[in-house]
Amino acid sequence: MTATIYLDNGATSFPKPPAVWQQMEYYIRQVGCNINRGSYDKAYSAGSLVLGTRERLCRLFGFDRPENVIFTANITASLNFILKGFLTARDHVLVSGLEHNAVMRPLVQLGTDYSVIPGDNNTGRIDAGPSGCAAIRSLLKPNSKAVVLSHGSNVCGTIQPLLEIGRFCREEGLYFIVDSAQTAGVFPIDMEQMKIDALAFTGHKSLMGPQGIGGFLIRPELAEKLEPLIAGGTGSFSDSLEMPRILPDRFEAGTPNLPGIYGLSGALSFLDSTGPEKIRSHEERLARLFIDAVGEENGDGRTLVISGEKPGQKARVEVVGGTDISGRAPVISLDFPDQDNAEAAFALENRYGVMTRCGLHCSPLAHRTLGTFPQGAVRFSIGYYNTPEEILAAAEAVRQVALAGR
């Protein structure tokens, strides 16, 4: 049986650190109760861990209000809470050309007007220098309310300049909302320095926790403008038929995912002990190793040429976002121009055990920006537990599949 190589960490990280499943097992086997409902020791102990997890997320993201850390099911739920909580069809926002449907579909559903900030033709990265900010400013309208920005692209790994965009938003009186799905825990994010008003996160990707837990951190000024997307019991102010005004209760109706929060707490312990810099450095080295091993750069900054064993036998793949992957998240998408990308992905898994994700990655706007719509691409997303041996084997599989497609 062919050994498998998991390269779909952009969808969810795998495997998880042992502390994740150990904490989840501890909760299920030893705790098992709810919080904010029972007046007994186990409930208080669980409540203390939940508060401690909020505090750790604050330290990770440069925020100082643990009560303003809201837990949700995932980052899609978080973005829906934020966007639908204060935007209407009368409003206008700015987005990048690399946004995920977790941003775009709520905006379209709301009927909110939006403008796409132009980015680099190859990578989609926004120019936030003086001339770039002037171009962004020209997109503003009297009803502009926010910039909604994905920190790291789930298609090509491009990292956007949060610090500069945050300063621009503060100068222009705009709210700054950030999607950190591909970067939280590994790339530095400081809400105070970057002037971020709401930061949405998910637990199961670069934070390396379990699925089913995410959340958002939100400044009081924006929180005051949000209407709760879900209403129900909170264990507090039970005499009232209205949602409480206090946070986090106002946005956390219903029973929380305590196994997920315990697992996320274990993931945060792993990140603390390992260090984000070590994780990021390891993943960046593997991403570079993969690019170098697949083929030779042909000078256009995008194409890798693959030479076969037979004289004159050559194939090529296109690296979405370009071959210069320095400073990018470890997400590498390849377009196989000489064959169907879905067939290439099937061959990679079926013949070589390389697990990838093929298609448009829930990001049609990004693929339009990067020139891979409608065919999409085959995405290789590297994680901390991948090894150099796996990366070299995956690169060789790409070479063989590309050559077979000629």
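First, a word on scope: everything that follows refers to the structure included in this document. Every value quoted in this text rests on a predicted model; they were computed, and no experiment measured them. (Residues numbered from 1 in each chain as written. Predicted model: local features only at pLDDT ≥ 70, side-chain atom pairs only at ≥ 80, totals over all residues. Heavy atoms only, no water.)

**Observations concerning empty space enclosed by the protein**
- The final tally for this structure, using the stated rule, is one cavity of 30 Å³ or more.
- Approximately 190 Å³ is the volume attributed to the largest cavity.
- Contributing to the lining of the largest cavity are 19 residues, with Asn 9, Ser 206, Glu 283, Ile 382 and Gly 383 lying nearest its centre.
- Of the residues assigned to the lining of the largest cavity, the class counts are ten nonpolar, seven polar and two charged. (1 Å grid on protein atoms, 1.4 Å probe; cavity = no way out; pocket = protein on both sides within 12 Å on 5 of 7 lines; lining within 4 Å. Points joined across faces, edges and corners; volume = space filled by probe spheres on them. Nonpolar A, V, L, I, M, F, W, Y, C, P; charged D, E, K, R; others polar.)

**A closer look at helix H2 (residues 41-61)**
- Between its first and last C-alpha, H2 extends 30 Å over 21 residues, near the 30 Å set by a 1.5 Å rise per residue.
- All buried positions along H2 are accounted for by Ala 43, Ala 46, Leu 49, Val 50, Thr 53, Arg 54, Arg 56, Leu 57, Cys 58 and Phe 61.
- Packed against the buried residues of H2 are helix H1 (18-31), strand S2 (69-72), strand S7 (198-202), strand S8 (214-218) and helix H8 (258-274).
- Of the residues trailing H2, Gly 62 is marked for its positive phi of about 60 degrees. (Helix = DSSP H or I, 4+ residues; strand = E, 2+ residues; numbered from the N terminus. Expected span 1.5 Å × (residues − 1). Buried < 20%, exposed > 50% of the residue type's maximum accessible area, 1.4 Å probe, protein only. Contact = heavy atoms within 4.5 Å.)

**So, the environment of Gly 383**
- Looking at where Gly 383 falls in the secondary structure, it is placed in the loop between strand S15 (377-381) and helix H12 (388-404).
- Of the residues examined, Gly 383 reaches a relative accessible area of 4% and is grouped as buried.
- Here the alpha-carbon distance between Gly 383 and Ile 279, two residues 104 residues apart in the chain, equals 8.5 Å.
- Sequence-distant contacts of Gly 383, that is, excluding residues within four places in its chain, are made with Asn 9, His 282, Glu 283 and Leu 286.

**Here's the deal with the packing of aromatic side chains**
- One pass over the structure, following the stated rule, counts eleven aromatic pairs.
- An angle of 25 degrees between the planes, with centres 6.2 Å apart, marks the rings of Phe 270 and Tyr 385 as stacked. Placement of Phe 270 in helix H8 and of Tyr 385 in the loop between S15 and H12 is noted, with a sequence separation of 115 residues between them.
- You can call Tyr 385 partly exposed: its relative accessible area is 31%.
- Clustering of aromatic rings is evident, with ring pairs tying together Tyr 26, Tyr 27 and Tyr 262.
- For the cation-ring pair, Arg 280 lies above Phe 187, with the distance from its terminal atom to the ring centre recorded as 5.7 Å.
- A cation over an aromatic ring shows up here: Arg 368 above the ring of Phe 373, its NZ or CZ 3.8 Å from the ring centre. (Phe/Tyr/Trp six-rings, centres within 6.5 Å; stacked < 30°, edge-to-face > 60°. Lys NZ or Arg CZ within 6 Å of the ring centre and 35° of its normal.)

**A short note on the sheet that holds strand S11 (residues 314-319)**
- The strand order across the open sheet built from six strands is S9-S10-S11-S12-S15-S14, with neighbouring strands paired in antiparallel fashion. Unpaired on one side and paired on the other, strand S9 (296-297) and strand S14 (357-359) mark the two borders of the sheet.
- Here strand S10 (residues 303-307) runs beside S11; their pairing, made up of five bridges, is antiparallel. Paired with Val 305 across the two strands is Arg 316, which belongs to S11.
- Along the sheet, helix H10 (residues 341-352) makes contact with strand S12 (331-335), S14 and S15, crossing S15 at roughly 40 degrees. (Pairing = 2+ DSSP bridges. Axes fitted to C-alpha atoms, helices over the stretch in contact; angles between N-to-C directions.)

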